[in-house]
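The residues making up each chain are set out below.
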Amino acid sequence: MEAVTNPLVDAIGVEHTPADANARIVSLVPSLTELLFDLGLGKNVVGRTTFCIRPASKVGAVPRIGGTKTVAFDRLAAARPTHILVNVDENLRDDVPKLEALGAKVVVTHPQTAADNLPLYKLIGGLFNAKEATNSLISRLQSALTDAQSAAGELPRRNVLYLIWRNPWMTISPDTYISAMLRTVNLHHVRTRSDARYPEIQFNDEAWKEADLILLSSEPFPFKDKHATELLENVPCTEGKIRFIDGEMTSWYGSRAIEGLTYLTKFARDNNH
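Note that this is a predicted model, so its numbers are computed, not measured. Along every chain, residues carry numbers that run from 1 in the direction the sequence is written. Thresholds applied to this predicted model are a pLDDT of at least 70 for local features of residues and 80 or more for the giving and counting of side-chain atom pairs; totals over whole chains, interfaces and linings are not thresholded and use all residues. To get the side-chain values, take all heavy atoms of the structure and skip hydrogens and water.

Caption draft 1: A look at the nonpolar core. Definition used in this section: a nonpolar core is a set of buried Ala, Val, Leu, Ile, Met, Phe, Trp, Tyr and Cys residues joined via side-chain atoms within 4.5 Å. Relative accessibility under 20% of the residue-type maximum defines a buried residue, over 50% an exposed one, and the middle range a partly exposed one, all with a 1.4 Å probe and only protein chains included. Core analysis: the largest hydrophobic core is formed by 54 residues, its most contacted members being I124, F128 and L182. In this text, helices come from DSSP runs of H or I with a minimum length of four residues, and strands from runs of E with a minimum of two, each type numbered from the N-terminal end. Within the residue set of this core, elements represented by two or more residues are helix 1 (30–38), helix 4 (117–127), helix 5 (131–154), strand 5 (158–165), helix 6 (177–184), strand 8 (213–217) and helix 10 (256–270). With 7 residues, helix 5 is the single largest residue contributor to this core. Residues are treated as being in contact if the distance between any of their heavy atoms lies within 4.5 Å. Once residues within four sequence positions are removed from consideration, I124 is found in contact with L35, L36, L39 and L85. Within the second largest apolar cluster, 16 residues are counted, among which are L163, A207, L216 and A228.

Caption draft 2: Highlighting the environment of F267. Topologically, F267 is positioned in helix 10. Taking the relative accessible area as the measure of exposure, F267 reaches 8% and is therefore buried. Apart from the residues within four sequence positions on either side, F267 is in contact with L187, L215, R243, F244 and I245.

Caption draft 3: Region of the structure containing helix 8 (residues 225–234). The set of residues buried in helix 8 consists of H227, A228 and L231. Each buried residue of helix 8 lies within a common arc of 105° when the element is viewed along its axis, so the set occupies one face. Opposite the buried face of helix 8, at more than 90 degrees from it, the exposed residues are D225, K226 and E233. Looking at the buried positions of helix 8, the neighbouring elements they touch are helix 7 (207–210), strand 8 and strand 9 (242–245). Working definition: the arc comes from the directions between the helix axis and the C-beta atoms, pointing outward to the latter.

Caption draft 4: Examining the pattern of salt bridges more closely. Take a side-chain nitrogen of Lys or Arg and a carboxyl oxygen of Asp or Glu: if they are within 4 Å of each other, that pair is a salt bridge. Overall, the coordinates contain 11 salt bridges when judged by the stated rule. A salt bridge links E154 to R269; its shortest N-O distance comes to 3.5 Å. You can see E154 sitting in helix 5 and its partner R269 sitting in helix 10, a full 115 residues away along the chain. A residue is classified by how much of its surface remains accessible, and E154, at 54% relative accessible area, is exposed.

Written out as structure tokens, the structure is:
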């Protein structure tokens, strides 16, 4: 008999039980804050980070408790949370015991591909009793995945180099969520000389030449035209390759992944030459 996977097991194997309707949730992850509101759980959100800016029309009423890696524990404790949502990449591991010491249940997330958002929806939606909204998101994500995969089958493979920072110039490795999102539409991230997850890249790295497209993200560093000019001056082989890309659409998981896949499908089609 096939084993049934418990949808309420988080990324580190902790099994959670459904919360009651009065759950008090603090989200330390911007994309999870957005997901909570899209699941109709905004009334339960009692704390967020400074970087939790979506949905813009609703999060303003939620108290801020510091940054993703600079949590203000006094403010967090004052929110009296029953549950705290964190992420492996975005929050500090050393903070988890401190969060647990507040008496709240810490829910750890770690989606690594676009499809990983399906169990993420089931985890958060199941934990906080948002079944109908969860099923809607699942259906929409499955449709967006199908469209993206269809486009990937039609488009030629393109090698890309995705930039996230300047001074030092930094990129991503192929094993990141961003890289996985790009691969969904047949955009494949090249490797640099470094094996770091978010490596610095030198102007003489061969990756510049190997890439068909150089992608300048809107976050965490807000690349502008002047930075594209600077890059071209220092790395002449990038001429004709530089494109700007919306960082929220590539790096935010949760409900944003649906819009992100649609965005990337169009982006890949528009840049297939």
